[in-house]
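Below are the chains, spelled out letter by letter.
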Amino acid sequence: MILPIYTYGQPVLRKVAEPIDKDYPGLDELIKNMYETMTHADGVGLAAPQVGLPIRLLVIDLAPFKEDNPELAAFKITMINPEILEESEEEIAMDEGCLSIPGINETVVRPEYIKVKYLDEDFNEHIEEFDGFRARVVQHEYGHLEGELFTDLVKPLRRQLIKGKLNNIVKKKIDTKYKIK
Ligand code: NI
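Residues numbered from 1 in each chain as written. Predicted model: local features only at pLDDT ≥ 70, side-chain atom pairs only at ≥ 80, totals over all residues. Heavy atoms only, no water.

(A) Examining the coordination of the nickel ion more closely. Looking at the metal site, the nickel ion is ligated by C98 (SG), H140 (NE2) and H144 (NE2), spaced 2.1 to 2.2 Å from it. Between the donor residues of the nickel ion, the gaps in sequence give the motif C-x41-H-x3-H. Linking H140 with H144, this pair stays in helix α3 (residues 132-145), spanning 4 residues, or about one helical turn. On the accessibility criterion, H140 (9% relative accessible area) is buried. We classify H144 as buried; its relative accessible area is 1%. (Donors = N, O, S within 2.8 Å, 3.2 Å for Na, K, Ca; no water. Helix = DSSP H or I, 4+ residues; strand = E, 2+ residues; numbered from the N terminus. Buried < 20%, exposed > 50% of the residue type's maximum accessible area, 1.4 Å probe, protein only.)

The following block contains the structure:
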């Protein structure tokens, strides 16, 4: 089932999300719906707050990169209760966008490498290292669980310039091919 995506201005996007356990009701269905919603909206990552749920769950699927980068395209991952254990001092700049902030793409600087502890959909624990684009997507989605949006991290001057666009999103004066809330 395709779920509406909560956009900039929705309070749930600013909450620190809560950890969940195996008993969370309808979890398998929710994960399935999140992948479906993300794919339908042409996204590569989606966090539960973006579908209105303040819980620590995110999904990533880089399959849309299969033409340009087959190696990246194989990256598909569900993370429950992720925790960033380490991050590099070295930072890199990359362009980011977000399904909750349609029509805005900005350069964001973040650590190049991270080490993450997380549970998969079967609640098995993993500790994994990510760098480059993978690390970028994981950090962006992880930010959602902390109530952070990528626009918080753009340079002050640029943030000033996109203020009007952000206000339009709050007022829902935007056009998206996916359902928003
Ligand atoms: Ni996002």
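Text resumes after the structure shown.
(B) Quick peek at the nonpolar core. L27, L30, M34, L46, L57, V59 and I80 are the most contacted members of the largest nonpolar core, which totals 21 residues. Among the elements that line this core, the one with the most residues is helix α1 (residues 27-40), at 6 residues. Beyond its immediate chain neighbours, meaning those up to four positions away, L27 contacts I20, L57, I80 and F123. (Core = buried A, V, L, I, M, F, W, Y, C linked by side-chain atoms within 4.5 Å. Contact = heavy atoms within 4.5 Å.)

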